[in-house]
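Coordinate inspection notes
Here are the chains, one letter per residue:
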Amino acid sequence: HVQGRTWSVLRSYEDFQVLDSNLHRCIFDRRFSQLLELPPRRELPSQGQLLAPLLSRYLKALSGIVDSNINCGPILNWMEIDNHGNRLLVNEEASINVPAIAAAHVIKRYTAQAPDELSFEVGDIVSVIDMPPREDTSWWRGKHSFQVGFFPSECVQLITDNKNPSPAAGTTIGGHLGGLHPLM
């Protein structure tokens with residue numbers, strides 16, 4: 001339920017484990033959240049009767065500690081919302097057709113830690129789809145090798161158009177999109 005709108009999000013137990021991992025990597029310390037780490041499925045009874053109550057308790061506890069300031073890309077994607085509270089269509093085929101707002105080259109190797117993240121090597125080129133302000137989140141969304149996903153913005157440097165003779169020469173593409181500055 002976001003801004004008066006409701007939709008269903010279908011997730012597996014393993015998806016919930018990824019959510020828990022990302023929550024505690026990017027937003028909460030477990031000592032603060034008090035959320036119990038979801039055990040591996042093999043440690044649960046084979047009938048799965050405890051699964052629904054376990055996840056229900058987890059979501060109730062999570063709802064009690066989250067607010068509207070969640071800004072971690074993988075978490076927002078998991079919940080199918082963007083950083084403005086709008087429903088995010090996670091169909092990868094639709095995402096690959098979203099026009100890029102900037103191009104960047106990779107300056108720091110990154111290996112995806114979740115299914116909705118990108119992996120890349122130094123020197124690769126990434127098309128940036130979503131570039132929230134750094135004070136909101138360090139996660140950007142982009143396209144690389146026909147894959148769409150999130151990545152840490154500090155791993156890339158925006159490609160500047162140095163051929164432009166205008167006074168804006170040397171400004172990054174992102175500099176024209178809400179005052180973003182090049183990454184150092």
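Residues numbered from 1 in each chain as written. Predicted model: local features only at pLDDT ≥ 70, side-chain atom pairs only at ≥ 80, totals over all residues. Heavy atoms only, no water.

In the nomenclature of an unreviewed UniProt entry, the protein chain corresponds to SH3 domain-containing protein from the organism Engystomops pustulosus.

What about the packing of helix α1 (residues 13–26) against helix α3 (residues 51–65)?
Relative orientation of the contacting elements α1 and α3 amounts to 30 degrees, with a least axis distance of 12 Å. In terms of axis orientation, α1 runs roughly parallel to α3. By crossing handedness, the relation of α1 to α3 is classed as left-handed. For the pair formed by α1 and α3, the contact residues are Tyr13, Phe16, Leu19, Asp20, Leu23 and His24 on the first element and Leu51, Leu54, Leu55, Tyr58, Leu59 and Leu62 on the second. (Axes fitted to C-alpha atoms, helices over the stretch in contact; angles between N-to-C directions. Helix = DSSP H or I, 4+ residues; strand = E, 2+ residues; numbered from the N terminus. Parallel < 35°, antiparallel > 145°, perpendicular 65-115°, else oblique. Left-handed = near helix turned anticlockwise from the far one by under 90°. Contact = heavy atoms within 4.5 Å.)

Looking at the side chain of Asn22
Mapped onto the elements, Asn22 comes out in helix α1. With relative accessibility at 4%, the residue Asn22 sits in the buried group. Setting aside anything within four residues of it in sequence, one finds Asn22 in contact with Ile27, Pro74, Ile75, Ala114 and Glu117. (Buried < 20%, exposed > 50% of the residue type's maximum accessible area, 1.4 Å probe, protein only.)

Some thoughts on the environment of Cys72
With respect to the secondary-structure elements, Cys72 resides in the loop between α3 and α4 (73–78). With relative accessibility at 2%, the residue Cys72 sits in the buried group. For the pair Cys72 and Trp140, spaced 68 residues apart in sequence, the C-alpha to C-alpha distance is 9.3 Å. Ignoring any residue separated from it by four or fewer positions in sequence, one finds Cys72 in contact with Cys26, Ile27, Thr137 and Trp139.

A short note on the sheet that holds strand β3 (residues 139–144)
Strands sit in the order β4-β3-β2-β1-β5 across an open sheet of 5 strands; the sheet is antiparallel. Each edge of the open sheet carries a strand with a single partner, namely β4 (147–152) and β5 (156–158). Pairs of neighbouring strands in the sheet enclose a mean axial angle of 45 degrees, with direction left out of account. Strand direction decides the pairing type here: strand β1 (residues 102–106) and β5, joined by 3 bridges, are antiparallel. For Val106, the partnering residue across the bridge sits in β5 and is Val156. (Pairing = 2+ DSSP bridges.)

Describing the packing of aromatic side chains
Evaluated as defined, the whole model comprises 6 aromatic pairs. Ring geometry for Tyr110 against Trp139: centres 6.1 Å apart, planes inclined by 80 degrees, an arrangement best described as edge-to-face. Taken together, the residues Tyr110 in the loop between β1 and β2 (125–130) and Trp139 in strand β3 connect sequence positions 29 residues apart. Ring centres of Phe120 and Phe151 lie 5.6 Å apart, and the angle between their planes is 75 degrees; this geometry places the pair in the edge-to-face category. On the criterion of sequence distance, the pair formed by Phe120 in the loop between β1 and β2 and Phe151 in strand β4 is long-range, its members being 31 residues apart. Like Phe120, the residue Phe151 is buried in the burial classification. Each residue in the set Tyr110, Phe120, Trp139, Trp140 and Phe151 is aromatic and connected to the rest through ring pairs, giving one cluster. Across from the ring centre of Trp78, 5.3 Å away, lies the NZ or CZ of Arg11, which sits over that ring. (Phe/Tyr/Trp six-rings, centres within 6.5 Å; stacked < 30°, edge-to-face > 60°. Lys NZ or Arg CZ within 6 Å of the ring centre and 35° of its normal.)

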